[in-house]
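Inside the fold
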Amino acid sequence: MDAVTFDDVHVNFTEEEWNLLDPSHKSLYKNVMFETYLNLRAIGYNWEDDPLEEHSFTRSSHLKYHKTTHTGEKPYECNQCGKVFADHSYLQKHKRSHTGEKPYKCNQCGKSFAHHSTFQYHKRTHTGEKPYECNQCGKAFAQRSDLQYHKRTHTGEKPYECNQCGKAFARPSHLRYHKRTHTGEK
């Protein structure tokens, strides 16, 4: 049996095809291709013999961003607070925290959001959609993070530990609330 190569699983869009995709499809594509890349690396695919540059990530900016995941480089800095980012688009999204810009507006209730993902979560409050289901008990959630926290009720995992008393929590918000017992903050 022949080994799997990146070309066997890579979907390469032309520039024209790429421009026809909406942002959610572009994001899905990037996530799937990156996961595919990681899976191929995990099974021993040798990138030196077949460099990633030859396959591209549809655009050179995708490759440039991907490389920063290996180097840890964060070349984009916010000129207001100094926070640094690996990708220019993350810096642009961050700047909204300073400007107050909220370009995503709900057509049902009028509430506006700075980030598309937060807007998507919000829309589920109107639809009641809960796409993330626990495979142990069947309970469903609107947000992936809530499912992850819920799964900890089955495993007993409590990764957030108080550095003052050692008490552990399943959610970071519960740890933050607990820390107030030490400081007296309300």
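Described below are features of the structure shown in this document. (Residues numbered from 1 in each chain as written. Predicted model: local features only at pLDDT ≥ 70, side-chain atom pairs only at ≥ 80, totals over all residues. Heavy atoms only, no water.)

**Observations concerning the overall build of the chain**
Check the secondary structure of the chain and you find 9 helices and 8 strands. Per-residue burial for the chain yields a buried fraction of 23% across its 186 residues. Put simply, 18% of the contacts in the chain that link residues at least 6 apart link residues at least 24 apart. With an accessible surface of roughly 13300 Å², the chain has 47% of that area assigned to carbon and sulfur atoms. (Helix = DSSP H or I, 4+ residues; strand = E, 2+ residues; numbered from the N terminus. Buried < 20%, exposed > 50% of the residue type's maximum accessible area, 1.4 Å probe, protein only. Contact = heavy atoms within 4.5 Å. Areas by Shrake-Rupley, 256 points an atom, 1.4 Å probe, with all protein chains shown as cover.)

**Topic: the state of the cysteines**
For the coordinates displayed, the defined rule picks out 0 disulfides. Looking at Cys-137, it has no disulfide partner, and the nearest cysteine sulfur is the one in Cys-134, 3.8 Å off. A disulfide-free cysteine, Cys-165 has its sulfur positioned 3.8 Å from the sulfur of Cys-162, the nearest such atom. Residue class for Cys-165 comes out partly exposed when judged on its relative accessible area of 45%. (Disulfide = S-S within 2.5 Å.)

**Quick word on the packing of aromatic side chains**
Enumeration according to the criterion identifies 2 aromatic pairs in this entry. Look at Tyr-104 and Phe-119: their rings are 6.2 Å apart centre to centre, the planes differ by 20 degrees, and that puts the pair in the stacked class. Of this pair, Tyr-104 sits in strand E3 (residues 104-105) while Phe-119 sits in helix H7 (residues 116-127), and the two are 15 residues apart along the sequence. Judged by relative accessible area, Phe-119 falls into the buried class, the value being 11%. (Phe/Tyr/Trp six-rings, centres within 6.5 Å; stacked < 30°, edge-to-face > 60°.)

**Points about the side chain of His-94**
With respect to the element layout, His-94 can be found in helix H6 (residues 88-99). With a relative accessible area of 14%, His-94 lands in the buried category. Other than its neighbours up to four places away in sequence, His-94 contacts Cys-78, Cys-81, Lys-83 and Phe-85.

**Notes on the pattern of salt bridges**
Side chains that carry opposite charge are capable of pairing whenever their charged atoms lie near each other. By the definition in use, this model includes 4 salt bridges. Where Glu-129 meets Arg-124, a salt bridge forms, and the shortest distance between an N and an O atom there is 3.7 Å. By relative accessible area, Glu-129 is classed as partly exposed at 41%. On the basis of relative accessible area, Arg-124 is assigned to the buried category, the value being 15%. Note that Arg-171 is salt-bridged to Asp-146, the shortest N-O span being 3.7 Å. Pair noted here: Arg-171 is in the loop between strand E8 (168-169) and helix H9 (172-183) and Asp-146 is in helix H8 (residues 144-155), with a separation of 25 residues, a long-range link. Taking relative accessible area as the criterion, Arg-171 reaches 25% and is therefore assigned partly exposed. (Salt bridge = Lys/Arg side-chain N within 4 Å of Asp/Glu carboxyl O.)

**Brief notes about H6**
Between the first and last C-alpha of H6 there are 17 Å, a value that for 12 residues agrees with the 16 Å anticipated at 1.5 Å per step. Along H6, the positions that sit buried rather than exposed are Leu-91, His-94 and Arg-96. Structurally, H6 contributes buried residues whose contacts are with strand E1 (76-77), strand E2 (84-85) and E3. Once H6 finishes, Gly-100 follows within two positions and takes phi at roughly 80 degrees, a positive value. (Expected span 1.5 Å × (residues − 1).)

**Topic: H7**
Counted at 1.5 Å a residue, the expected span for H7 with its 12 residues is 16 Å, and the 17 Å between its end C-alpha atoms agrees. Those residues of H7 that sit buried are Phe-119, His-122 and Arg-124. If you follow the buried residues of H7, they end up packed against E3, strand E4 (112-113) and strand E5 (132-133). Just downstream of H7, Gly-128 is the residue with a positive phi angle, here 80 degrees.

That's the geometry; what it means functionally is another story.
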